[in-house]
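Next come the chains, spelled out residue by residue.
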Amino acid sequence: MALANTLPIPFTGGLPLMGQTLDYQRNAFDFYWRIFERHGEVSRSSLLFRPVYNLLGPDANEKVLLNQGGNFSSQPAWEQVLQALFPGGLMLRDGAEHRTHRRLMQGAFSHDSLQSYHVAMDAAADRALAHWPVGQSVPFLDLVKDLTLDVATQVFMGEAQGAVANELKQDFVDMVQASIAIVRLNLPYLPYAKGLAGRKRLVRYFAQRVPAKRASQDGDLFARLAQATDETGQDFSDEDVVNHMIFLMMAAHDTTTSTLTSVVRVLAEHPTWQSRLREETLALPAPLSFADLANMPLADQVMREALRMYAPVPTLPRFAKEAFEFKGHLIPGQSLVAISPLVSHYQRDIWSDPFQFDPERFAPHRAEDRRHRFAWIPFGGGVHKCIGMHFAENQVKLLMHHLLRRFEWQLATPAAADVNWIPICHPKDGLPVILRKTSQT
Ligand code: HEM
């Protein structure tokens, strides 16, 4: 592509070779904001020994996520992080192949499917919360990690609690640890090797059960993927089902854990909102019906605000196949580009007082997120937009309902600690809180 008078692309600096990798890992929020304030919407950094073009702000989100013309690929951008442990997932597919797999998978996320998961999710949450410790400081992140894994083994695989479920959970935790390991060598005792071994066991678990799931009447996600067919009669191979199941667990777990943790944090920091949400939830019948998830407008606003302030996925990378123009800059082909919700979620021209917790900005009479349809992007957008978005929203709201009915909570520290944004947003100290039983329990 030849363009006359293109603007230069500023380089954001950093150490030789490493560039700004350490800055990014230390605090991705500061990293993006510093370069956005200094250089604007387009800049070039060096991260993990590679040049990365930062495209920041809602227009950049729109350009990359809408992907008109198909210039931006997801697979080559995500493979460095995901390929070894989570091959074959939707984010590692592009074009026609991605469309086919996504269409096949869509049934497992239809309204009817989500409704059928609701009952299992509700029962799993009820069981798990009954044992949560009260009156003492506990890191909420650990509690919720376990809770969402319990829910996943039951809703995703239909696996009742017990030894098998515990092994699955451990294998999965090992894989996630391995996926963020800096030393990626398959040597005994290294986290990476543990993760690869965990993957092997999970592959065996799923592969052995695909035939039975194909023939079953089960309503879990695994059965739905195993039985998925499209209008042309196409279905997933056994290997596809296995790979998608493992990828879905990964895509669902830390993101939902992060969101719930952020919700609990903001509600501990804003007790008036905690009381308002408790009132809202107590006015609904328990157990909460699937239909009543739509009758929690305040919980919905708080969840959206938590996702705005603490977007779980800090960077959405893409690979630009051909050179392209953006805002007068020419970005070369065969390059890595990155967009980030951390900038568009805090821009003053979109959000009023963006550093303030203000859930009502999402109320219909304000709808600040509508000021640009790519300003609020915790779930991404375009063809790779999170397929589990409604699943996640339902799960977070259902778990909020359980938490609010059973417990009141406060921070166990004078103030909540900062968050680590990488790889998925989480509080540095695990968010110690003190739970107390409400009069409902
Ligand atoms: C609050 C929770 C969640 C957040 C914030 C979240 C965020 C995201 C984001 C930002 C993307 C797009 C990545 C990109 O464009 O590069 C994505 C994609 C995806 N998510 Fe989620 N996610 C969440 C929960 C879930 C759940 C519960 C599931 C499954 C049960 C799931 C499955 C997926 C899959 C399969 C993709 C890839 C879609 C595709 O490439 O077509 N996510 N998610």
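Residues numbered from 1 in each chain as written. Predicted model: local features only at pLDDT ≥ 70, side-chain atom pairs only at ≥ 80, totals over all residues. Heavy atoms only, no water.

Draft legend 1. The pairing of strand E8 (residues 335-339), seen in detail. Counted residue by residue, E8 has 5 buried out of 5 residues, so it is predominantly covered. Burial along E8 is two-sided: Ser335, Val337 and Ile339 facing one way and Leu336 and Ala338 facing the other are all buried. Sheet topology places strand E5 (residues 316-320) next to E8; 5 bridges connect them, and they run antiparallel. Counterpart to Arg318 in the pairing with E8 is Val337. (Buried < 20%, exposed > 50% of the residue type's maximum accessible area, 1.4 Å probe, protein only. Helix = DSSP H or I, 4+ residues; strand = E, 2+ residues; numbered from the N terminus. Pairing = 2+ DSSP bridges.)

Draft legend 2. Highlighting the sheet that holds strand E4 (residues 137-139). Reading across from one edge, E4-E12-E9 is the order of the 3 strands in this open sheet, with antiparallel pairing throughout. Both outer strands of the open sheet, E4 and strand E9 (407-411), are each paired with one neighbouring strand and no more. With strand direction ignored, the average angle separating the axes of adjacent strands in the sheet is 45°. Here helix H7 (residues 140-157) sits on the sheet in contact with E4 and strand E12 (432-437), set at roughly 55° to E4. Lying on the sheet, helix H15 (residues 389-406) is in contact with E9 and E12; it crosses E9 at an angle near 90°. (Axes fitted to C-alpha atoms, helices over the stretch in contact; angles between N-to-C directions. Contact = heavy atoms within 4.5 Å.)

Draft legend 3. Layout of the site of the ligand. Of all residues adjacent to the ligand, which total 27 residues, the nearest are His98, Arg102, Arg318, His384 and Cys386. Within the side chain of Arg102, a nitrogen or oxygen atom sits 2.7 Å from an oxygen atom of the ligand. At a separation of 2.7 Å, an oxygen atom of the ligand approaches a polar side-chain atom of Arg318. Within the residue set of the shell around the ligand, elements represented by two or more residues are helix H5 (95-106), helix H11 (238-269), E5 and H15. Per-element accounting of the shell around the ligand gives the leading share, 6 residues, to H11. Across the shell around the ligand, the residue classes tally to 18 nonpolar, 7 polar and 2 charged. (Near = heavy atom within 4 Å. Polar contact = N/O pair within 3.5 Å; in protein donor to acceptor, adjacent residues only side chain to side chain. Nonpolar A, V, L, I, M, F, W, Y, C, P; charged D, E, K, R; others polar.)

Draft legend 4. Up close: the sheet that holds strand E3 (residues 72-73). Pairing is mixed in the open sheet, where 5 strands are placed in the order E1-E2-E8-E5-E3. Because the sheet does not close on itself, it has two edges, and the strands there are strand E1 (42-47) and E3. Set on the sheet, helix H4 (residues 75-82) makes contact with strand E2 (50-55), E3, E5 and E8; between it and E5 the angle comes to about 130°.

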